[in-house]
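Chain and residue survey
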Amino acid sequence: MAENRNGAILAADFGSVHTRLVLLDTVDGSYRLVARAAGRSTADFPFNDISTGLTRVIEELSSITGRTLMDGGQQIITPERTDRAGVDYFVATASTGRPLRTVVVGLVPEISLASGIRAAAGSYVEIAETLSLNDTRSEEEQVNAVIQAVPDMVLITGGTDGGAQEPLLVLAGRIQLALQLLDPARRPVILYAGNTQAAPAVQRMFRDLTAVFVAGNVRPALDEEALEGAQLQLGRAFDKFKENRGMGFDTVGAMSAVGVLPTAQSYNLLIEYLGKAQDVDVLVVDVGSAVSTLSASLNRQANTIIRTDIGLGHSAHALLDTVGIETIQHWLPFNTSYDEITAYTRNKTLRPATIPQNLRDLYLEHALLRAGIQALVQAARPAWRKANPFLTTALPTFDPLIGAGAGLAGTGNPGYSALLLLDALQPEGTATLRADANALLPALGALAYIKPEAVVQALEYGGLEELGTSISLSGQPRHDRAAMRIRIRNASGQLVEHQLAGGHLWVYPLPPGQEVEVDVRALGRGVSLNGKARLRLKVSGGSVGLIFDARGRPLPLAQDVRGRATQMPDWLAEVSGGEVMPIDERWLAPLAEADTPLTAAESPTPAGKPDRRWRGRRGQAATRSLTPEEQEQLDEEEDLQNALR
Amino acid sequence: MPYVDQRHTLAWTTVRRERLLPDHTYGEVNARAGQHVNLREIVARGSVPARYVFLEAARQLRLSKPEDLNDLLLVEAGDRVQAGQALAGKNPERGRRVLSPVEGVIVYTGEGRIIVQATPERVEVEAGLVGQVVEVRPERGVMIEAFGALIQGVWGNNRRMIGPLRLEPEEDGLEGIFDDLIDRQYSGAVVVTRRSLKATGLMMIENQGIGGVIAPSMDAGLYEQAINHPAAIILTQGFGDLRMSTQVLNILEGLVGRQTTLDAFLPDRWDTRRPEVFINLPAKAGERPPEPRTAQMLREGMTVRITRAPHMGSVGQIMDLPKTPQLLDNGLRTLCAQVSLATGETPLVPLANLEVFGR
C-alpha cells in the first residue's frame, strides 16, 4: 500500500449482477472521478470467481483511459509509476455472496433480542434461528434447532450492564451444548454483545470450543441501545468469512488496501463521515439485485439497514413475499393477476440481470422498486425516531437523497430516477436528488479513513449525477386546483412565473451547476412546504432540473386502477419531459377478461394524453394521512415485526 | 462491456461436473481419480446429521445427585445403541432403567443426562454421467468429465432422475398420454413437452409414473405443487406461458430413446449450479468434443437467445452492436444489440436481455 501519496485511486464494487470500477485522480489539485467502467459480475456460473469480472472491467477502463492498470500477472500495479501506469490505492467493496447464517440469542424478544437483530441488520447476515426466554420449546428442541440452522455465527445478547447474569448464562449454556455436539470444524463463531459483567463467564464457556468476539452491550440499559460495537465486530466476522470462502475474494482482498469491505459497511462509513464532518442529514438508498441497503445520517447519528429479502433480481420474489402482492398492485396502473406478478418476480429471480423492455414490465419493475424502498424506510424509522424523538413525518428531512443500484440509478433516464425517489421516499419541502450510477459511494466509504480528502473532493466535483432539486408539497392539495405559486429568477434576472395544480409535477429545466432564486407559496387549506407557507431560497439544477411536486403527502395514489392509469403516465411524462404513454384500455379490463397480458408488440407507444376520466377527491381516492400517534403506533408494530422477522 | 449471460445449449460438448455429498454431511468417496464411472455408479456415501435426543436419566432414576448417574451408566459416549436398549440402571434387564427411545449413538453423558444422536440418514451420490473421474474431493465427492449433449434450463424442482428420453404425443401433449401407452413408452421416462406445464399436465405426469419432464415453462401458481411433485421437472424458459425454443427442441428431438440425466437443481441465490439435461453420447477413439466457450464477447453474427418479453425465448443473430445507449419504447436508455429473428423482425434488445449458448 502506498502511504500518503496523492496519485490515482482505483475502486471496485462487486455486486451480485454488476462489477463497477471507478478511477479517481487529481485534477488541478483535487480528486475527481476521471473514468468509470462496469460489466457483469462473475461470482456466478460459469466462473464462480469475482476476479474474472474485475480483470475484464479493468481492461475496459484501460482501453478508455489509455492507462495500464494491471501487470502481466493480473495484479493491479501499485504504487502509481512515473509513466502513469498503475494507481496509488486500490480499494474493493462487495455485496455479493452468501450472507453469514446467524443465530441470535436474547433474553426478551422486544428488548435485547430486538436490539441484537437490529445490530445484525447492519451487516450481511441471514437470521437462521432465534432463542429467548420466551421460547416455549424444550431444551432438546432448542439445541436441535440451533444445530439444524447450521450457523456461521451465534450472536448472544441479553441483560443490562450490572443486571442479573443467570438467565443469560442459561441461554448461553444451550448454545454451548449445541457447539459441543457439533463437529469442531463446523462450529460457528460466537459474538457476545450482552451484559458486560457476564462477558468473562461467556468467554470461559466458549473459549475451548470456538473463536469468541466480544463487543459492547447492545442494550446497556433498558432505555438505551448501542449497536455500533456489535456492528463493528460483525463486519470483522464477515471479512473473515468472505476471505475463507474462495470465489476470488482472497485474490482481490490481497490487492486491496482495505481488504474486501462489505458495501453496506462502506455506505455506513461514508454516511457517518459526511454526517459528522459536514453536518448534513443525508440518505442513501441502494436497491441491488440480491441485497438492498438504506444508510442515513440524522442529527449526526448514522444508521444502516441491510435487507437480503429486498432486491430487484435475485431477491425479487423474496421482496414480493415480504411486502405482499397488494402492495405491488397498489403501484400498478393496470389490473394484474397473482400469476402474472409471481411469474414476473420468479423470472427476475432466475434471470436477475434482465431489464424491462416494454411498458407493462417497466411498471411491474418500478412497483417492486417503490415497494422495496418503502419497506426499507419503514425498517429504518425506529432508528430515526431515536435520533429525532419528535419525528412526525414519514421521512425526516434529509438533504441530499441519493439513489443507487442499477434499477434506481441506471435507468438512463434521469426523470425516471427522480420520480422513483420522490414516489418511494416522499420527501416534503426541499431535497437535492442525486444518483450514484457508478458505485462511487462504496468506493468513497472505503476511502473515508485512508484518504478522507478524496471523499470530499470527489463529491464536490461531480462524482454523483445531480438529478436536481425537488420542492414538494405536504398535505393534500385539491386536484387540478392551484396548489403552488412558483416564481423563479434566473441568473440573467429574468422572472419566470408558474402556477402548479394539485396532483401534478412541473419541471423547470436548469442544468447541473446553475443556480436560480426560487420563491414558492403553498396555496390552499391544509397544505404547506414542510410546515411553511412560503419558501424563498437559492437552488441548483441537475439533469432533470427543478422539480416542483404538488401531488401532496402522503402521495395520493388512487385506490382504483383506472385512477392510477391516469395519474402515473402523467407523472412520468411530467418529470421526464416525454410524451404521455397511455395505459391501454384492455389492461384495465376486469381480470377475467384480461387474463392474457398484452405483449409489448401490442403495448402502447407514446401518444397524446388520454381522456381524464379520473378526478381524485379529497378523502376519497386519496390515501388518508396518519396522525403522529398512529404513525408512532405503526412504527412500534413494525419495529416488533422487524425484530421478530 | 459486451459480455452477457451464458446458458449452455450444446449438441456435442465436454462437461465437467461435481458430484458431491450435500453440505453438512459426513462421508467418504468411493471412486478414484482416473476411474471410469457409469450412470448409476455410487461415487460417494455419507450421513446426514440426525437429531439429538436428551434423556434426563438422573431424574428418571430418581437420583438425588446428578453425579450419581455415573455409577449406573450402562453405556459410554461413542457406543451404538438400539431402540429400547437400557442405557442406565442397576440392572440392564429389570427394575428402574433408562431406555433409549431411538437407535443411534451415545454422544454425551454427564450432569445427570444422556444424549443420544439418532442414527443418521444415509445418502449416496450417483455418478449420473458416463465418464471419467478427473478429481477427488476428499470426504465430499468427485469431479467427472463426460461427453454428450448439454441443455441448461432456468428452473428445476430439486430432483434428479435418469431415464430414456421421449417426446410427448404430438397432438395432445402430456394430456394425451394414456394408460395403454404408458407401459411401453413413458413409464420412468424423461418426457419433453413443447407446451407450458399446467395443473392437468402435472397430474398426468404423477398418475402415469413419468420420471421426469423437460418443459419450456409453467404457470407460476403451480410452483409449490411442482416442488412437491415426485417427478423431476426442468423449465428451459421460465414461468408463464412460454414455448420451447427451436434450438433446444432440435437437439432433444434428435436424441429420443437415449438415457438422459435430468438434474433439476432448484436455483439458489447463494449457489452457482444450474438445472440441466445431459445426454451421454459416444465419442470415437481419441475424439474429444470442445468444452463450452465461457469467455465469449458479443460480436456481430453470434447466435443469441432473448430472455425478456416481447421476444422472450426467440433465438436470432446479432446484426449490430451500437456503442451508445439506445432509447427503448418504455423510456429506459441502455446498451442494446440489434438482433435478426427468423420472423424477419430486427428488434433492438438490451444486452442485459441476451444469453449466449456456449459456442
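1. Some points on the overall build of chain B
Tallying secondary structure elements over chain B gives 5 helices and 28 strands in all. The C-alpha radius of gyration computed for chain B amounts to 27 Å, which surpasses the reference 21 Å derived for 359 residues by more than 25%, pointing to a less compact arrangement than a globule. In terms of overall dimensions, chain B has a C-alpha envelope of 90 × 55 × 50 Å along the principal axes. Within chain B, buried positions represent 43% of all 359 residues. In chain B, once contacts between residues fewer than 6 apart in sequence are set aside, the share between residues at least 24 apart is 61%.

2. Here's the deal with the environment of G194 of chain A
All names here are of chain A. With respect to the helices and strands, G194 occurs in the loop between β8 (189-192) and α5 (199-206). Judged by local crowding, G194 falls into the buried class, with 35 C-beta atoms found within 10 Å. Once the C-alpha coordinates of G194 and T157 are considered, the two residues, 37 residues apart in sequence, prove to be 4.0 Å apart. For G194, the contacting residues outside a window of four places in its chain are S112, I156, T157, G158, G159, L168 and N217.

3. Considering unusual backbone geometry
Glycine aside, residues mostly have negative phi angles, and peptide bonds mostly take the trans form. A cis amide bond links D399 of chain A to the next residue, P400 of chain A, at an omega of 15°. Looking at the element boundaries, P400 of chain A is found in the loop between α12 (359-387) and β14 (401-404). The omega angle of the peptide bond from A309 of chain B to P310 of chain B is 15°, so this bond is cis rather than trans. In this structure, R84 of chain A is a non-glycine residue whose phi angle is positive, near 65°.

4. Things to note about the pairing of strand β15 (residues 429-436) of chain A
All names here are of chain A. The buried fraction of β15 amounts to 7 of the 8 residues, a majority that puts the element mostly inside the structure. Bridging between β14 and β15 involves 4 bridges; their strand directions are parallel. Paired with I402 across the two strands is R434, which belongs to β15.

5. Some thoughts on the interface of chain B and chain A
Taken together, the contact between chain B and chain A spans 41 residues of the former and 49 residues of the latter. For the side of chain B that touches chain A, the elements supplying multiple residues, two or more each, are β1 (5-6), β6 (52-55), β10 (104-110), β19 (232-239) and β25 (333-334) of chain B. Ranked by residue count, the leading element in the side of chain B that touches chain A is β6 of chain B, at 3 residues.

6. Side note on the packing of helix α9 (residues 316-323) of chain A against α12 of chain A
Residues and elements named next belong to chain A. Look at α9 against α12: their axes get within 10 Å of each other, and the N-to-C directions meet at 60°. Classified by the interaxial angle, the pair formed by α9 and α12 is oblique. In this structure, the crossing between α9 and α12 has a hand that is left-handed. Packed against α9, whose contacting residues are A316, L319, T322 and V323, the element α12 presents L368, A371, G372 and A375 at the interface. Here the residues of the contact of α9 with α12 are counted per class, giving 6 nonpolar, 2 polar and no charged.

7. Comments concerning the sheet that holds β14 of chain A
Residues and elements named next belong to chain A. Read across the sheet, 8 strands follow the order β13-β12-β11-β14-β15-β16-β22-β19 without closing on themselves; strand pairing throughout is mixed. Strands with a single pairing partner mark the edges of an open sheet, and in this sheet they are β13 (301-307) and β19 (505-508). For this sheet, the mean angle separating the axes of adjacent strands, direction not counted, is 20°. As paired elements, strand β11 (residues 282-287) and β14 share 4 bridges and run parallel to each other. Looking across to β14, one finds that D286 is bridged to A404. The sheet contacts of helix α14 (residues 414-425) involve β14, β15, β16 (465-472) and β22 (545-549), and relative to β16 the element is tilted by about 45°.

8. Some thoughts on the nonpolar core
All names here are of chain A. If you look at the biggest cluster of nonpolar residues, it comprises 294 residues, and the most contacted ones within it are L10, V91, L191, L270, L376, L444 and M484. Considering each element in turn, this core owes the most residues, 16 residues, to α12. Leave out the neighbours within four places in its chain, and L376 touches V285, S292, L294, I305, R307 and I310.

9. Observations regarding the pairing of strand β4 (residues 89-94) of chain A
Residues and elements named next belong to chain A. For β4, the tally of buried residues reaches 6 of 6 residues, placing the bulk of the element in the interior. Here β4 shows two buried faces, one formed by Y89, V91 and T93 and the other by F90, A92 and A94. Pairing geometry for strand β1 (residues 9-14) and β4, over 6 bridges, is parallel. Directly across from F14, in β4, lies its bridge partner A94. As paired strands, β4 and strand β10 (residues 260-262) are joined by 3 bridges and run parallel to one another. Across the sheet, T93 pairs through a bridge with L261, a residue of β10.

Rules and cut-offs
- Residues numbered from 1 in each chain as written.
- Chains lettered and ligands numbered in written order.
- Predicted model: local features only at pLDDT ≥ 70, side-chain atom pairs only at ≥ 80, totals over all residues.
- Helix = DSSP H or I, 4+ residues; strand = E, 2+ residues; numbered from the N terminus.
- Rg over C-alpha atoms; globule rule 2.2 N^0.38 Å.
- Buried ≥ 20, exposed ≤ 12 C-beta atoms within 10 Å, placed from the backbone.
- Contact = placed C-beta atoms within 7 Å.
- Pairing = 2+ DSSP bridges.
- Axes fitted to C-alpha atoms, helices over the stretch in contact; angles between N-to-C directions.
- Parallel < 35°, antiparallel > 145°, perpendicular 65-115°, else oblique.
- Left-handed = near helix turned anticlockwise from the far one by under 90°.
- Nonpolar A, V, L, I, M, F, W, Y, C, P; charged D, E, K, R; others polar.
- Core = buried A, V, L, I, M, F, W, Y, C linked by C-beta atoms within 7 Å.

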